[in-house]
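Architecture at a glance
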Protein chains: 2
Amino acid sequence: MNALVGQSGGPTSVINSSLAGVVDACVKSPKVKQVFGMRFGIEGVLGNDLLDLAALDAATIKGLRSTPGSALGSSRLKLKEEHFGPILKQLKKHDIRYFFMIGGNDTMDTIHRVVEYAQEHGWEMTGVGVPKTVDNDLHGTDHTPGFASAARYVALSVQQAGVLARDMQRVDQFVIFQTVGRSAGWLPAASACVRHSNGDAPHVLLLPERAFDREAFLNLVADKQKKHGFVSIVCGEGITNADGSPVSASATRDRFNNIEFGAMGGTSAAMMLHRMLSNEFGWRGEFQVTESLQMCAADRAVKLDYDEAYGCGREAVRLALKGEGGVMVTIQRTSKPKEPYSATFGTAPLREVANHERPMPDRYIAKNGMDVTSAFLDYARPLIGPLPEYTALPKPRRVTSAASQ
Amino acid sequence: MNALVGQSGGPTSVINSSLAGVVDACVKSPKVKQVFGMRFGIEGVLGNDLLDLAALDAATIKGLRSTPGSALGSSRLKLKEEHFGPILKQLKKHDIRYFFMIGGNDTMDTIHRVVEYAQEHGWEMTGVGVPKTVDNDLHGTDHTPGFASAARYVALSVQQAGVLARDMQRVDQFVIFQTVGRSAGWLPAASACVRHSNGDAPHVLLLPERAFDREAFLNLVADKQKKHGFVSIVCGEGITNADGSPVSASATRDRFNNIEFGAMGGTSAAMMLHRMLSNEFGWRGEFQVTESLQMCAADRAVKLDYDEAYGCGREAVRLALKGEGGVMVTIQRTSKPKEPYSATFGTAPLREVANHERPMPDRYIAKNGMDVTSAFLDYARPLIGPLPEYTALPKPRRVTSAASQ
């Protein structure tokens, strides 16, 4: 009996740590003869493009635990009915009885459908999912491996750019950082974890969970800039207007009705906000669009994230060997807010994960819709870990007296 | 006799380390009674907005050595004739006999003109400049404090995004990273330091020192993508076409003659290249514009950079106390290529630094104009320091035989 493992969807800094967990656990089990890796996701199964992972030396597997990206390769193939026959043929050919994939809700749907098809056609196979996404929007788990490390990248970037913007306030009045995360606001929200004292960046958070309110935004921005001398804004890439249109696209239609714009290299929400503030206040400022750098900054990844990702991989194998298929491994936090962080593994049915998303709950979003609550900070801080505290000089004061001593 | 120190221009991760060096050296000298810091550059002198730095506790000064940004604040004030009188009045009032500024060539020009004016009006004052810029384009020095740390940020970003792009090649075909650096190519060039083996990112470097050649660029990009399955491109923000027009703006004129575009939040060269590749090859890909994050990523800063920045500050004070004014501190490399790095401090006349820029020399740029030479790698690698090596899985191979054992 052999095992097959694949990665799918966008990468994270720790998805390869989950892969190492699956391989290590399979190799240790007498039940599993061989462990195959699908190259480029399900495409590797269809094309019989598999890698004998058990044959890799221990150093390579260990190296995967701190290597960003998606070492087996990812795919954008959408499974169609005609694919299932050929897939089952390959599964039988390689005697695959344990089927693992590391990914998001689309991936969980793939596992569910492949296993279901196999069983309907008389092929006994156990499928277990390993959670992965920096977006942190998977149903049924406290958080998702990959989120903490991406959140730390966002937090460090916003903190450092905030210190710089404070010092450069006579030159530039604002800075905008755009996060990934599609329709979920977990990443922009995480930037709030860096505030150590009043006035620290970030000042304004734009979360996809709340419709963009131009007037309220401009009022808050003007207020913060007046108070602090500069304003730090963090926005999710997927923020939308009240009518559901993306802020990124809608703003471009203000001029020349330029619908080609999206094809010009991805107009971004941050760019549109930058334009808005430049036009509205005549300010100078910058926007920062780091895109997938958030998903692969291994030197900024969180140890807890690496360990949990690895643990989720091992747990998936443990469940499969016990015959507990049809589920995705989840992380269940056992510590209360303010307590030292602790968690245990759980499960969620693949079908449920496939059919749900998990936006930020209302209790984590401030009343004005442009900040987070302390409940969110209690949730996120243990995951991101401690952040640096930078030195600030005292506020300006005249020293005439001191000088005339 | 008192000393005055200021920071000017854009920040770096280590400019505050230079400030700490100036303050520590002044405090240790019996010749210097007080050390004042200008808030927001020369504006702080005009507005008598000074800080008594000697009065700060040692922990604060020490903290500055690892704090990004520009702790005293920066300014964009361009000195005019009418400013010099009021400035001299303040210098006399605070008995300033030692005048230090940390910055680039504009800053060196400011020091030169202020000291010259003071001396013409009978006020003896010694002025020394401390070099600072991530652009690495200052005349008379082997490199500039701030460059190595920004270069490391660029290198890590390009390396990590390259690993991700390799793994995502079935989804996206290219990734473009844009560096700062204005008309100098030192930062995009530095990304080449991350290549460990053939095929590693980056594949194409666009340096402002060479005119952008659309056809040559598209040919090289197509070739690299064919060879490696993806292509990693790094471009300087200031690349220009043969006619001297910026690539960032020119491409936008292809459509709608949209000259408003620049006001829409800074069109970028990376965005225009992204559009070019999407239109030309029908590829998917992304562009990354991190802007000033390159100038403040303290957690990615290089220890050598911190130490040299601090040393430049101390050296400036040593020179001033000896009466050797009118110069900027420089770093002179004493080690030969391949030898362990070593350097000593030197000087360059302020007027010379003010009137020169330092683009990449031809010997550092590859024949095709879109890569660097090994001579450049010998120059840059000791500054950036060792970079991580990530694990890669073997190239795909069929395992049918293995499976049928």
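For clarity, every value in this text was computed on a predicted model and none was experimentally measured.

1. Here we look at the interface of chain A and chain B
Interface extent is often summarised as the accessible area lost during association of the parts. Between chain A and chain B, the residue contacts involve 88 residues of the former and 88 residues of the latter. Where chain A abuts chain B, roughly 7700 Å² becomes buried across the two surfaces, and 60% of that area is made up of carbon and sulfur atoms. Where chain A packs against chain B, one counts four salt bridges. With a shortest N-O distance of 2.9 Å, A:Arg300 and B:Asp299 are connected by a salt bridge. Linking chain A to chain B there are 18 residue pairs in polar contact (both at pLDDT 80 or more). Element by element, the count of residues in the side of chain A that touches chain B is highest for helix H6 (residues 147–167) of chain A, at nine residues.

2. A word on the domain arrangement of chain A
Residue and element names in this part refer to chain A. Segmentation of chain A into domains returns domain 1 (2–133 + 300–355) and domain 2 (147–295 + 359–384). A C-alpha centroid distance of 34 Å is found between domain 1 and domain 2. In this complex, domain 1 contributes 14 residues to the contact, which on the side of domain 2 involves 14 residues. Taken together, the two surfaces of domain 1 and domain 2 that pack against each other cover about 1300 Å², and 48% of this comes from carbon and sulfur. In this assembly, domain 1 and domain 2 are joined by one salt bridge.

3. A short note on the packing of H6(A) against helix H13 (residues 374–384) of chain A
All names here are of chain A. Between H6 and H13, the shortest axis-to-axis distance is 9 Å and the interhelical angle comes to 95°. With respect to H13, the axis of H6 lies roughly perpendicular. Contacts between H6 and H13 involve Phe147, Ala148, Ala151 and Arg152 on the former and, on the latter, Tyr379, Leu383 and Ile384. Of the residues assigned to the contact of H6 with H13, the class counts are six nonpolar, no polar and one charged.

4. Some words on the environment of B:Asp24
Residue and element names in this part refer to chain B. Mapped onto the elements of the fold, Asp24 is located in helix H1 (residues 15–28). Counting along the chain gives 293 residues from Asp24 to Val317, while the straight-line C-alpha distance between them is 9.4 Å. Non-local contacts of Asp24, meaning those with residues more than four positions away in its chain, are made with Ile61, Tyr310 and Arg314.

5. Let's talk about the relation of the copies chain A and chain B
Take chain A, turn it by 180°, move it 0.0 Å along the axis, and it overlays chain B with an RMSD of 0.0 Å. Given the turn and translation reported, the copies of this chain are related as if by a two-fold rotation axis.

6. So, the state of the cysteines
Here, disulfide denotes a covalent bond that connects the sulfur atoms of two cysteines. Overall, the coordinates contain zero disulfides over all chains when judged by the stated rule. Left unpaired, A:Cys193 is separated from the closest cysteine sulfur, that of A:Cys235, by 18 Å. With no disulfide of its own, A:Cys296 lies closest to B:Cys235 among cysteine sulfurs, the gap being 17 Å.

7. Quick word on the pairing of strand S9 (residues 285–289) of chain B
Residue and element names in this part refer to chain B. Of all five residues that make up S9, four are buried, and the element is covered over most of its length. Inspection of the sheet shows strand S6 (residues 174–179) paired to S9 by five bridges, in the parallel sense. Opposite Ile176, over in S9, you have Phe287 as the bridge partner.

8. Brief notes about the pattern of salt bridges
Scanning all chains against the criterion turns up 38 salt bridges over all chains. Ionic pairing is found between B:Lys227 and B:Asp223, a salt bridge with its closest N-O pair at 3.8 Å. Taken together, the residues span about one helical turn, with B:Lys227 and B:Asp223 both in helix H8 (residues 214–228) at a distance of four residues. Residue class for B:Asp223 comes out partly exposed when judged on its relative accessible area of 36%. Residues participating in the shared-partner salt-bridge network are A:Asp135, A:Asp137 and A:Arg182.

9. Notes on the nonpolar core
The nonpolar side chains of a soluble globular protein tend to be buried with one another. Ranked by internal contacts, the top residues of the largest apolar core, which has 94 residues, are A:Met360, A:Phe376, B:Met360 and B:Phe376. Looking at this core, the elements with two or more residues in it are H6, strand S6 (174–179), helix H7 (186–190) and H13 of chain A together with helix H6 (147–167), S6, helix H7 (186–190) and helix H13 (374–384) of chain B. With residues near it in sequence (within four places) discarded, A:Phe376 still touches A:Trp186, A:Ala189, A:Ala190, A:Met360 and A:Tyr364. Listed in part, the 50 residues of the second largest apolar core include A:Ile176, A:Met272, B:Met272 and B:Met370.

10. Quick word on helix H5 (residues 105–120) of chain A
Residues and elements named next belong to chain A. For H5, spanning 16 residues, the distance from its first C-alpha to its last is 22 Å, which sits close to the expected 22 Å at 1.5 Å a residue. Those residues of H5 that are buried are in contact with helix H2 (42–46), helix H4 (81–93), strand S4 (96–103), strand S5 (126–131), strand S10 (327–333) and helix H12 (350–355). Downstream of H5 by one or two residues, Gly122 has phi in the positive range, about 80°.

11. A short note on the sheet that holds strand S11 (residues 343–349) of chain B
All names here are of chain B. With mixed pairing, the seven strands of this open sheet are ordered in space as S3-S2-S1-S4-S5-S10-S11. Strand pairing shows two members of the sheet lacking a second neighbour, strand S3 (50–52) and S11, which therefore form its edges. With direction set aside, neighbouring strand axes in the sheet form an average angle of 30°. Where H1 meets the sheet, it contacts strand S1 (2–7), strand S2 (35–38), strand S4 (96–103) and strand S5 (126–131), and its direction lies at approximately 180° from that of S1.

About the cut-offs
- Residues numbered from 1 in each chain as written.
- Chains lettered and ligands numbered in written order.
- Predicted model: local features only at pLDDT ≥ 70, side-chain atom pairs only at ≥ 80, totals over all residues.
- Heavy atoms only, no water.
- Contact = heavy atoms within 4.5 Å.
- Buried area = accessible area lost by both parts, 1.4 Å probe.
- Salt bridge = Lys/Arg side-chain N within 4 Å of Asp/Glu carboxyl O.
- Polar contact = N/O pair within 3.5 Å; in protein donor to acceptor, adjacent residues only side chain to side chain.
- Helix = DSSP H or I, 4+ residues; strand = E, 2+ residues; numbered from the N terminus.
- Domains from an automatic or database assignment.
- Axes fitted to C-alpha atoms, helices over the stretch in contact; angles between N-to-C directions.
- Parallel < 35°, antiparallel > 145°, perpendicular 65-115°, else oblique.
- Nonpolar A, V, L, I, M, F, W, Y, C, P; charged D, E, K, R; others polar.
- Least-squares fit on C-alpha atoms with pLDDT ≥ 70 in both.
- Disulfide = S-S within 2.5 Å.
- Buried < 20%, exposed > 50% of the residue type's maximum accessible area, 1.4 Å probe, protein only.
- Pairing = 2+ DSSP bridges.
- Core = buried A, V, L, I, M, F, W, Y, C linked by side-chain atoms within 4.5 Å.
- Expected span 1.5 Å × (residues − 1).

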